[in-house]
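# Topology and contacts: notes
As a plain string of letters, each chain reads:
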Amino acid sequence: MEIRDCRDGFEKRLHKESLCNFVDQIKIYNKMKILVATEKPFAKVAVDGIRKVVEENGHQLALLEKYTDVNDFYKAVEDADALIVRSDKVTKEVIDHAKNLKIVVRAGAGYDNLDLEACTARGIVAMNTPGQNSNAVAELVMGLLVFCVRNFYNGKSGSELMGKKLGILAFGNVGRNVARIAKGFGMDVYAYDAFLTADQINQSGMAKAVANQEALFETCDVVSLHIPATAETKQSINYALVNKMHKGGILVNTARKEVINEPELLKLMAERTDLKYITDIMPDADAEFKAFEGRYFATPKKMGAQTEEANINAGIAAANQISEYFKSGCTKFQVNK
Ligand code: 3PG
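So, a few notes on the structure that sits alongside this text. (Residues numbered from 1 in each chain as written. Predicted model: local features only at pLDDT ≥ 70, side-chain atom pairs only at ≥ 80, totals over all residues. Heavy atoms only, no water.)

## With respect to the overall build of the protein chain
Put simply, the rule is: In this description a helix means any DSSP run of H or I spanning at least four residues, a strand means any run of E spanning at least two, and both kinds are numbered starting from the N terminus. Here's how the labels work: a residue is buried when its accessible area is under 20% of the maximum for its type, exposed when over 50%, partly exposed in between, all with a 1.4 Å probe on protein chains only. In what follows, a contact means two residues having at least one pair of non-hydrogen atoms within 4.5 Å. All accessibility values rest on the Shrake-Rupley procedure with a 1.4 Å probe; residue burial counts only the protein chains present in the view. For the purpose of charge, His is not counted, nor are the chain termini; Lys and Arg are scored as positive and Asp and Glu as negative. Here the site of a charge means NZ on Lys, CZ on Arg, CG on Asp, or CD on Glu.
A count of helices and strands for the protein chain gives 12 helices and 15 strands. Seen through its principal axes, the protein chain has C-alpha atoms that stretch 75 × 45 × 35 Å. Per-residue burial over the protein chain gives 48% buried out of 337 residues. Expressed as a percentage of contacts within the protein chain between residues at least 6 apart in sequence, the contacts between residues at least 24 apart total 58%. Total accessible area on the protein chain stands at roughly 16,200 Å², and carbon and sulfur atoms take up 52% of it. Across the protein chain, 44 positive and 44 negative side-chain charges occur, with their mean positions spaced 3 Å apart.

Listed below in structure tokens is the structure:
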């Protein structure tokens, strides 16, 4: 068996000496440069964990944290073979600068920040790390809710969550964790998911299925959004839908700001002074929403996945997925197949 280096020593090919047997060539990548580019950094303990995985697999870690200028991202990615990001936008421009890039992993669930077309055009594998930060996001949902029903801790008498109807829109990893925790609060939990049957939701034992998203808004006191931002869902949370909520309805958004039709929600909240909107993703119209004092709250920076545990889970999963891809070609979590 012979080991031969090619492409500046980065790629090695193992092949049997026998001329007839060269069919079982295996591509092995060594000493790859893996860049972690995070405008909102992981906790240090997570970065330490990522570094350990990267180095144990014979690769090299580069870090670009808290960058404010996209040109710094362009420069850092120039010689990277792999890229780990969070909500950082991996645009065509980023891809164009990344001449050596072979794989990009979004350490998290939603990959709407990756230009998949640009990745595919260059043969770059794009992945996410589903489920790794979902408990953190679900815990934040409940934290935001308690804050809201206790009048944002202004000292006035609030209300309790026990016995209230909670609607979960999209019953994936985060939605299921919200259901689990909400049941602990004694909430009555309902769910709708366009990609699941009613039986699948009911059989989870965690939520009661409703027929469609309109029914979810009609039925529930609180609706928590867990839909991804896609062509179908963008702007889908609109005047007509939210107006189906009965008096005192609360809308919680830990998903994406793009799913909200902001002008229509602003109009509705101006008309219906009973509705509340709490969100982990600051709307573009934050200044206008702020006029609804006591009925609106947005975290200053997206905090859902910002726990040490979620950073460790998602960051290390990303490093492992990249190492495995370089080792065996495994594309289990590829999203641009
Ligand atoms: C996700 O899609 O995983 C969450 O929105 C977390 O995003 P973040 O990594 O930017 O905090």
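## Remarks on the sheet that holds strand β10 (residues 188–192)
Strand pairing in a sheet takes place through backbone hydrogen bonds and is either antiparallel or parallel in direction. Short version of the rule: Two strands are said to pair when DSSP picks up at least two bridges between them. Axis lines are fitted through C-alpha atoms, for helices just across the contact stretch, and the angle between N-to-C directions can take any value from 0 to 180 degrees.
Spatially, the seven strands line up as an open sheet ordered β11-β10-β9-β12-β13-β14-β15, and their pairing is parallel. Edge positions in the sheet fall to β11 (208–209) and β15 (296–298), since each has one partner strand and no second. Inspection of the sheet shows strand β9 (residues 165–169) paired to strand β12 (residues 222–225) by four bridges, in the parallel sense. By the bridge assignment for β12, Leu166 is matched with Val222. Docked against the sheet, helix α5 (residues 134–149) engages β12, β13 (250–253), β14 (276–279) and β15, running at close to 145° with respect to β13. Across the sheet, helix α6 (residues 173–184) lies against β9 and β10, angled at about 170° from β9, the strand it touches most.

## Points about the pairing of β9
Residues in a regular strand project their side chains so that they alternate between the two faces of the sheet. The test is simple: The crossover handedness rule: strands pointing away from the viewer, path from first strand over the helix to second strand clockwise, crossover right-handed.
Counted residue by residue, β9 has four buried out of five residues, so it is predominantly covered. When β9 meets β10, the two strands line up parallel, connected through five bridges. Across the sheet, the residue bridging to Gly167 is Tyr190, located in β10. For the crossover from β9 across α6 to β10, the handedness is right-handed.

## What to know about the nonpolar core
The condition is simple: Remark: nonpolar core denotes a set of buried residues (Ala, Val, Leu, Ile, Met, Phe, Trp, Tyr, Cys) joined through side-chain atoms within 4.5 Å.
Of all hydrophobic cores here, the largest spans 32 residues; its most connected members are Phe217, Leu225, Ile237, Val242, Leu251 and Phe289. Every element with two or more residues in this core is listed here: β10, α8 (213–219), β12, α9 (239–242), α10 (262–271) and β15. For this core, the element with the most residues is α10, which contributes four residues. Dropping the residues within four chain positions of it, Val242 is found in contact with Phe217, Ile237, Leu251, Leu265, Leu268, Arg272 and Leu275. Membership of the second largest hydrophobic core comes to 29 residues, among which are Val137, Ala182, Ile250 and Val252.

## Section: the packing of aromatic side chains
Just so we agree on the cut-off: Paired rings are identified among Phe, Tyr and Trp, the last through its six-membered ring, by centres lying within 6.5 Å, and are further divided according to the angle between planes into stacked (under 30 degrees), edge-to-face (over 60) and tilted (the rest).
Taken as a whole and assessed by the stated rule, the structure comprises 10 aromatic pairs. Between Phe289 and Tyr296, the ring centres sit 5.2 Å apart and the planes meet at 20°, which makes this aromatic pair stacked. Given a relative accessible area of 0%, Phe289 falls into the buried group. In textbook terms, an aromatic cluster arises when at least three aromatic residues are bridged by ring pairs, as seen for Phe147, Phe152, Tyr153 and Phe297.

## Some details on unusual backbone geometry
A positive phi angle, close to 50°, is found at Lys66, a residue other than glycine. By the element assignment, Lys66 lies in the loop between β5 (60–65) and α2 (70–77). Backbone geometry at Ala170 places phi at a positive 90°, although glycine is not the residue there. When you line up the elements, Ala170 lands in the loop between β9 and α6. A relative accessible area of 9% places Ala170 in the buried class.

## Some thoughts on the environment of Ala319
Residue placement: Ala319 occurs in helix α12 (residues 308–328). Overall, the relative accessible area of 0% leaves Ala319 in the buried class. In the structure, Ala319 is positioned 268 residues away from Arg51 in sequence and 8.3 Å away in space, judged by C-alpha atoms. Sequence-distant contacts of Ala319, that is, excluding residues within four places in its chain, are made with Ile50, Val53, Val54 and Ile84.

## A word on the sheet that holds strand β6 (residues 82–85)
Reading across from one edge, β5-β4-β6-β7-β8 is the order of the five strands in this open sheet, with parallel pairing throughout. Both edges of this open sheet fall to β5 and β8 (125–128), since each of them pairs with a single strand only. With direction set aside, neighbouring strand axes in the sheet form an average angle of 15°. Sheet analysis places strand β4 (residues 33–38) next to β6, joined by four bridges and oriented parallel. Opposite Ile34, over in β6, you have Ala82 as the bridge partner. Against the sheet, α12 touches β4, β6, β7 (103–106) and β8, its axis set at about 165° to β6.

## Description of the pattern of salt bridges
Side-chain pairing between opposite charges can occur once the charged atoms of the two side chains come close. Condition: Whenever a carboxyl oxygen of Asp or Glu lies within 4 Å of a side-chain nitrogen of Lys or Arg, that contact is scored as a salt bridge.
Under the counting rule described, the total for this entry stands at 13 salt bridges. The residue Asp188 makes a salt bridge to Lys208 at a minimum N-O spacing of 2.6 Å. Of this pair, Asp188 sits in strand β10 while Lys208 sits in strand β11; the two residues are 20 residues apart in sequence, bridging distant segments of the chain. The closest approach of N and O atoms between Asp286 and Lys290, which form a salt bridge, is 2.8 Å.

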